[in-house]
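Descriptive analysis of the structure
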Amino acid sequence: MRTPNLLLSLALMFTAAPARAESPTVDAAPDGISPYLSFEAERIALIGVTVIDGKGHAPMREQTVLIDDGRIVAIGAHDAIRIPDDAKRLDLTGRTVIPGLVGMHDHSHMPGIPLLRETAPRLWLAAGVTTVQTAGAADAAGELALVHDIDTGRIPGPRIIASAPYVTGPDGNGPMDKPATPDAARAFVRQWSARGVGWFKLYRHVQPDIAAALIDEAHRQGRKVTGHLCSLSFTEAAELGIDRIEHGLISASDFIADRESGHCSPNRASLRALDVDGDAVTALIERLVMKGVVLTSTLAIIESHFAHRPQGDARALAMLGPGLRAAYDRRQHSLHDADASDFFTPDLYARLLRFERRFASAGGVLVSGPDTGRHVIPGFGDQRNVELLVEAGFAVSEAIRIATHNGAHVLGIDDDTGSIEVGKRADLVVLHGDLASNAAVIRNAELVLHGGRAYNPARLLDGLEGRIGAED
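Below, the structure is looked at part by part.

Cut-off values and rules
Residues numbered from 1 in each chain as written. Predicted model: local features only at pLDDT ≥ 70, side-chain atom pairs only at ≥ 80, totals over all residues. Heavy atoms only, no water. Helix = DSSP H or I, 4+ residues; strand = E, 2+ residues; numbered from the N terminus. Rg over C-alpha atoms; globule rule 2.2 N^0.38 Å. Buried < 20%, exposed > 50% of the residue type's maximum accessible area, 1.4 Å probe, protein only. Areas by Shrake-Rupley, 256 points an atom, 1.4 Å probe, with all protein chains shown as cover. Lys, Arg positive; Asp, Glu negative; His and termini not counted. Charge placed at Lys NZ, Arg CZ, Asp CG, Glu CD. Expected span 1.5 Å × (residues − 1). Pairing = 2+ DSSP bridges. Axes fitted to C-alpha atoms, helices over the stretch in contact; angles between N-to-C directions. Contact = heavy atoms within 4.5 Å. Parallel < 35°, antiparallel > 145°, perpendicular 65-115°, else oblique. Left-handed = near helix turned anticlockwise from the far one by under 90°. Nonpolar A, V, L, I, M, F, W, Y, C, P; charged D, E, K, R; others polar.

In terms of regular secondary structure, the protein chain is built from 17 helices and 17 strands. Taking 472 residues into account, the globule formula puts the C-alpha radius of gyration at 23 Å, and the protein chain, at 22 Å, falls close to it. Expressed as lengths along the three principal axes of its C-alpha atoms, the size of the protein chain is roughly 70 × 45 × 45 Å. Put simply, the protein chain has 472 residues, and 60% of those count as buried. Of the accessible surface of the protein chain, which amounts to about 17,400 Å², a share of 49% is contributed by carbon and sulfur atoms. In the protein chain, which carries 47 positive and 60 negative side-chain charges, the distance between the mean positions of the two groups comes to 1 Å.

Below, the structure written as structure tokens:
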């Protein structure tokens, strides 16, 4: 596991030799971005890399990736690629190049912190996350302002597809929006669509008539809807036309005996006894796939509930402010109480992973996002999700496809990003090591290219230690 200090030493290789004066350069980076770059160059050659392309293909070794004006213009064996004399050449033997990660449940907030304005954008980029869909906003206006500041170069950060405020029902969380009628739900969608959000998020207590109106109006406005469900079953939400469902099997209420639609009931008893290979789960998966419902894998946050699983690593804990770190320490004790230990068992964890494999094997589209909270923080949580997808049984190339191309496809931007192909944006991550043989290499980001700009992960991380919850 690499710490931020080790990342700094790795990144020095990209700053020790500046681009030659005669090299053409892209327009000078805005002042808010330039301190975080390794170099500026219009043409860049990544030489000697293993390419994992994001489309699920087998890794391609000893490749050269040529970038010109922020786009990928050639990929192939070194002796087959003509590298222009004025290109910035990087000898990256022993490295892996993947598409920039596409985080599909990457909040700009954490519990009690409405907007991670200072930390989240830099953490995302440092970890190789170049596109984010926030899956619900605690400060939607602030999130839209953050998007503007990133897009105009005032601060570094990924492309963000912003969300509206959460929508829940009368019994739901206080700060969330609670439209009282279907007409009010439609007005809510029109209001936030006009302000520029791309997605809406239904939360656990939303009522069926409100959900139906919101989904219908969102689609009329060219927007999409996801949900962390409880009062609606997965099957009900699919019939209403929901585009995506978060968290997988652990949030499903479909198997609760004598379930009442519109009422959020505990599902633990139903999950304890559930046969993940049984007919009921098979029928649910088939229905979701037939309806084209996407599922978001959030294994990083799910793992945090299980006492037998690894918890916060040193990199993430170092970023937490004193209050969040104290809360983490308290939570580690509560993980071992009798009720939690009785439900969050190794057997349940294995079945949750099995469900995701079954869904993908049946033709379902699985995307990835960490759901920031507890010790799961922006960027590092996205990396952990890739590791856990591999642990769940996906090949590394397939895990990368889930974490990159699938998300770009669901966002409707896969003609521009999400895979390593000629003509696409140079949204790329250079990893130190062979990811194909060791999923933990996903943590070793040495260089992050976002639209062709070469970001230095160590510079992005510098100064963020202890900031989450303290400075945001």
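A word on helix α13 (residues 346-361). For α13, with 16 residues, the first-to-last C-alpha span of 23 Å sits near the 22 Å given by 1.5 Å per residue. Every buried residue of α13 is accounted for by L348, Y349, R351, L352, L353, F355, E356, R358 and F359. Taken from the residues just after α13, G363 is the one with a positive phi, measuring 100°.

Reading across from one edge, β10-β11-β12-β13-β14 is the order of the five strands in this open sheet, with parallel pairing throughout. Two strands close off the open sheet at either side, each with one partner strand: β10 (199-202) and β14 (366-368). Between one strand axis and the next, the sheet turns by 30° as a mean value, whatever way the strands run. As defined by bridge partners, strand β13 (residues 294-297) adjoins β14 across three bridges and the pair is classed as parallel. Its bridge partner being in β14, T296 is matched across the sheet by V367. Against the sheet, helix α5 (residues 208-220) makes contact with β10 and β11 (224-227), and its axis sits at roughly 170° relative to β10, the strand it touches most.

Here we take up the packing of helix α8 (residues 279-291) against α13. Running from N to C, α8 and α13 point in directions that differ by 45°, and their axes come no closer than 10 Å. Taken together, the axis directions place α8 and α13 in an arrangement best described as oblique. You can see that α8 and α13 cross each other, and the crossing is right-handed. For the pair α8 and α13, the contacting residues are V281, T282, I285, L288 and V289 in the first and F355, R358 and F359 in the second. Of the residues assigned to the contact of α8 with α13, the class counts are six nonpolar, one polar and one charged.

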